[in-house]
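Structural characterization, general
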Amino acid sequence: MVLILGGKGAGKRAYARSLGYREDQISTCPEDPVPVLCSLEELVRKDPENALSLVPSLLGKDVVICCEVGSGVIPISSQERFFREQTGRLCVLLAKEAKTVVRIVAGIPQILKGE
Amino acid sequence: MMILLIGGSGCGKSYYGEKICVSAPAPRYYLAAMQPYGEEGEKRIARHRAMRAGKGFETIERYRDYAALKLPSKGTALLECAANLTANEMFDDNGNQSDPVERVLSGVDALLPQCETLVVITNEIGSDGIVYSPSTTDYIRALGKINAALAEKADTVIEMAAGIPILLKGELPL
């Protein structure tokens, strides 16, 4: 699995397409039978408590795309704080198992793991 | 030797910082700057305590004024974290605001000669583009300034993303 991280609008989907995936192969729902899952942070937002249990199904994907959400002011709302931390922790777990981890900054891929 | 670890929430900073300290000589001190506010704060502290259990850390809780801290003996210290310390130095218990930059930096300056290895954890908080209240904006600026000054002092600066260390300065310790 290739994990693609980066801020909003950084060029993560475009990078997935550059790997050869078409737009119709990208979905936001892990059950969809397509190789690329995007907007992982929105899945976490729906159910932060159980976010880490998504790992097995995500490891079955070719590519997982997630927004980095932890680099702003610590939110006042505890729910928002929990969402950010669970997104971060889920990405730590996925990165451990991923073959490749890429972070996109201004459209430029920075390889954090693998090739 | 000083190592600065920077990253967002849940990026694995604490875990990596502890790993560095465990590979460095004892005694090991965990310098806890976070004030336990409410149930969530206590949970977070309990989680960090559980992570450190059995790793040979002596915990020193101190929310302000590291300039006056005398460590029992020279060893390894993990300061967690500069973002909490900055908030504590900036706002007193009555909510009065003052400039924290000098106090945070002089605190770290006082720790350095007392440690063989000092690991400082800090947060990246200036990248969300949201307009905050003037005091929060002051806090963001102060922490940005402090982070830059700490990076200047540090031998090694590492950004963490998804548990993976990204070297910004110096050499990876592990």
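Residues numbered from 1 in each chain as written. Chains lettered and ligands numbered in written order. Predicted model: local features only at pLDDT ≥ 70, side-chain atom pairs only at ≥ 80, totals over all residues.

1. Structural notes on the sheet that holds strand β1 (residues 2-7) of chain B
Residues and elements named next belong to chain B. Taken in spatial order, the seven strands make up an open sheet running β3-β2-β4-β5-β1-β6-β7, and their pairing is mixed. The two strands at the open ends of the sheet, each matched to only one other strand, are β3 (57-61) and β7 (164-169). Direction aside, neighbouring strands of the sheet carry axes that sit 20° apart on average. On the sheet, helix α5 (residues 134-153) packs against β1, β5 (115-123), β6 (156-161) and β7 and is oriented at approximately 145° with respect to β1. (Pairing = 2+ DSSP bridges. Helix = DSSP H or I, 4+ residues; strand = E, 2+ residues; numbered from the N terminus. Axes fitted to C-alpha atoms, helices over the stretch in contact; angles between N-to-C directions. Contact = placed C-beta atoms within 7 Å.)

2. Digging into the packing of helix α3 (residues 82-90) of chain B against α5(B)
Residue and element names in this part refer to chain B. Packing of α3 against α5 leaves a shortest axis separation of 10 Å and a crossing angle of 130°. The pairing of α3 with α5 is recorded here as oblique in orientation. Like other packed secondary-structure pairs, α3 and α5 cross with a definite hand, here right-handed. Here Ala82, Ala83, Thr86, Ala87 and Met90 of α3 come into contact with α5, specifically with Tyr139, Ala142, Leu143, Ile146 and Leu150. Here the contact of α3 with α5 is composed, by residue class, of nine nonpolar, one polar and no charged. (Parallel < 35°, antiparallel > 145°, perpendicular 65-115°, else oblique. Left-handed = near helix turned anticlockwise from the far one by under 90°. Nonpolar A, V, L, I, M, F, W, Y, C, P; charged D, E, K, R; others polar.)

3. Notes on the environment of A:Ile111
In this structure, A:Ile111 sits in strand β6 (residues 108-113). Residue class for A:Ile111 comes out exposed when judged on the 10 C-beta atoms lying within 10 Å of it. (Buried ≥ 20, exposed ≤ 12 C-beta atoms within 10 Å, placed from the backbone.)

4. Points about the interface of chain A and chain B
Often, the extent of an interface is quoted as the loss of accessible area on bringing the components together. Contact residues are listed per partner, giving 23 residues for chain A and 19 residues for chain B. For the side of chain A that touches chain B, the secondary-structure elements that each account for two or more residues are β1 (2-6), α4 (78-97), β5 (100-105) and β6 of chain A. Of the residues in the side of chain A that touches chain B, the class split is nine nonpolar, seven polar and seven charged.

5. Here we look at the environment of B:Thr122
Mapped onto the elements of the fold, B:Thr122 is located in strand β5. The class for B:Thr122 is buried, based on 25 C-beta atoms found within 10 Å.

6. Some points on the sheet that holds β5(A)
Residue and element names in this part refer to chain A. Reading across from one edge, β2-β3-β4-β1-β5-β6 is the order of the six strands in this open sheet, with mixed pairing throughout. Each edge of the open sheet carries a strand with a single partner, namely β2 (26-27) and β6. By the bridge criterion, two bridges tie strand β3 (residues 36-37) to strand β4 (residues 63-67) in an arrangement that is parallel. Note that in β4 the partner of valine 36 across the bridge is valine 63.

7. Quick look at the nonpolar core
Grouped together as the largest cluster of nonpolar side chains are 74 residues, with contacts concentrated most on A:Leu3, A:Ile4 and B:Val120. Residue contacts for A:Leu3: discarding those within four places in its chain leaves A:Val64, A:Leu94, A:Ala95, A:Ala98, A:Val101 and B:Ala162. (Core = buried A, V, L, I, M, F, W, Y, C linked by C-beta atoms within 7 Å.)

8. Let's talk about the confidence of the model for chain B
Per-residue confidence for chain B gives a mean pLDDT of 94; residues scoring 70 or more make up 100%. Overall fold confidence for the complex sits at a pTM of 0.92, while the interface term, ipTM, reaches 0.90. (pLDDT = per-residue confidence, 0-100.)

9. So, helix α2 (residues 38-52) of chain B
Residue and element names in this part refer to chain B. End to end, α2 covers 21 Å across 15 residues, agreeing with the expected 21 Å (1.5 Å per residue, within 8%). Within α2, only one of the 15 residues are buried, leaving the element largely exposed. Phi for glycine 54, located one or two positions after α2, is positive at around 80°. (Expected span 1.5 Å × (residues − 1).)

10. Let's talk about the pairing of β5(B)
Residues and elements named next belong to chain B. Extensive coverage of β5 is indicated by the burial of seven of its nine residues. By the bridge criterion, six bridges tie β1 to β5 in an arrangement that is parallel. From the neighbouring strand, isoleucine 6 faces β5, where its bridge partner is threonine 122. In this structure, strand β4 (residues 75-80) lies alongside β5, joined through six bridges in parallel fashion. Considered in β5, the bridge of glutamate 80 is made with isoleucine 121.

11. Some thoughts on unusual backbone geometry
Residue and element names in this part refer to chain B. Between alanine 26 and proline 27 the backbone carries a cis peptide bond, its omega angle lying at -5°. The residue proline 27 is located in the loop between α1 (13-22) and β2 (28-32) in this model. Put simply, glutamate 80 and cysteine 81 share a cis peptide bond, and its omega is -10°. Secondary-structure assignment places cysteine 81 in the loop between β4 and α3. In this model, alanine 162 sits at a positive phi of 50°, which is unusual for a non-glycine residue.

12. A word on the environment of B:Pro25
All names here are of chain B. Note on placement: proline 25 falls in the loop between α1 and β2. Proline 25 sits 50 residues away from glycine 75 along the chain, and the two C-alpha atoms are 6.3 Å apart. Filtering out sequence-adjacent residues up to four positions away, proline 25 remains in contact with Gly75, Thr76 and Glu116.

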